[in-house]
Amino acid sequence: RASDVIGGTPGASNGGLNLTSINIDFLVSWNIVGLPAEVWNTSSSFLYPDSDDGTLYGFDEYYFNTDELLMGEGYWLHFPDAGSTIISGTPITSMTVSLNEGWNLFSGISEMVNVAVNISDPGGIIVPNTIYEFTGSYANASMLIPGHGYWINASADGDITISSGGAAKTISAFTDRTANANKLSFNGNDLYFGVSIPAEDMFSYQLPPKPPKGAFDVRFSDGWKIASDYGEIEVMNNSPTLIINYKIVVDDNNWILTSESGRKHLLGGAGEIIVSSEEKFIL
């Protein structure tokens, strides 16, 4: 959890506070949202009036229900329809956020910023490749959008700073080791297998905690998006079918995908299969 905002720098103009209005788009169903400016009313019903009542959830090792948004925190929020809202307040150009070891939900400042340039990590606590957005499913984020929330994984308790200027010490470089891996895509969400990852790099291939019920999610058990020669796959899906694409690069094994009901699919080369939706598969 992004537990404490230690400091924020509001914008100033002509000796007074410069108010800003930020347009925030949201998707139908679950979104991760945040507070993009200093406002006088921080209730979710005021800031996001089109959201469903009682669906604001923060994270502190477990999900908890709440009514108020805090600066620097991220929250799950459910919307019955896609749309947008405008939040007006005092802009924040710099903010220091306190992270707990493990997964945290956080949000950024009043401007769109680049993850690689505008986040200062002086303690080197951010696990590389673990800033995730949610747009119907999890994906690595390259930008922080005002009003949107994100997951981040920290290797220890510590502080990071998000600012509109360049950071003094940015996130550690990341070498993606999935380039030569086999790939399974469930409804466009990628899992990798058939390669070995050094133990010290494994946490860069872990996914955030599962989204709330009703969202789509796919992962190997225990939250991984990569496996070596065996994996149990967990699926959250509201549709009656799944579209599974596969590409086998390393075929020194006979790769078989077995559904929970026992149907087996031999994976070779590249292809696509459409199957009935099930909660578990074994690779």
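Keep in mind that what you see is a predicted model, and the values were worked out from it rather than measured.

Q: Which parts of the structure should I look at to understand the packing of aromatic side chains?
A: Any two aromatic rings considered together are summarised by their centre-to-centre distance and by the angle between their planes. Tallying each qualifying case throughout the model produces 18 aromatic pairs. With centroids separated by 6.3 Å and ring planes inclined at 70°, the aromatic side chains of Tyr132 and Tyr138 adopt a geometry described as edge-to-face. In this pair, the class of Tyr132 matches that of Tyr138, namely buried.

Q: Could you clarify how one ought to interpret the environment of Gly262 in this entry?
A: When you line up the elements, Gly262 lands in the loop between strand S25 (255-259) and strand S26 (264-267). Residues Gly262 and Ser239, 23 residues apart in the sequence, show an inter-C-alpha distance of 20 Å.

Q: Got a minute to help me understand unusual backbone geometry in this structure?
A: A negative phi angle is the norm for most residues apart from glycine, just as the trans form is the norm for most peptide bonds. In the Ramachandran plot, Glu61 falls in the positive-phi region, its phi being about 70° despite a non-glycine side chain. Turning to its location among the elements, Glu61 is positioned in the loop between strand S7 (57-60) and strand S8 (62-65). The phi torsion at Asn187 lies on the positive side, around 50°, for a residue other than glycine. Overall, the relative accessible area of 33% leaves Asn187 in the partly exposed class.

Q: How should I be thinking about the sheet that holds strand S28 (residues 280-282) in this particular structure?
A: For sheets, the rule is that strands pair by backbone hydrogen bonds, running either parallel or antiparallel. Read from one edge of the open sheet, 5 strands run S21-S23-S28-S25-S26, paired in antiparallel fashion. With partners counted over all chains shown, the strands left at the sheet margins are strand S21 (217-220) and S26, one partner each. Adjacent strand axes in the sheet meet at a mean angle of 20°, parallel and antiparallel pairs treated alike. Pairing geometry for S25 and S26, over 4 bridges, is antiparallel. Directly across from Thr258, in S26, lies its bridge partner Lys264.

Quick notes on the rules
Residues numbered from 1 in each chain as written. Predicted model: local features only at pLDDT ≥ 70, side-chain atom pairs only at ≥ 80, totals over all residues. Heavy atoms only, no water. Phe/Tyr/Trp six-rings, centres within 6.5 Å; stacked < 30°, edge-to-face > 60°. Buried < 20%, exposed > 50% of the residue type's maximum accessible area, 1.4 Å probe, protein only. Helix = DSSP H or I, 4+ residues; strand = E, 2+ residues; numbered from the N terminus. Pairing = 2+ DSSP bridges. Axes fitted to C-alpha atoms, helices over the stretch in contact; angles between N-to-C directions.

By themselves, these observations are geometric and do not establish any function.
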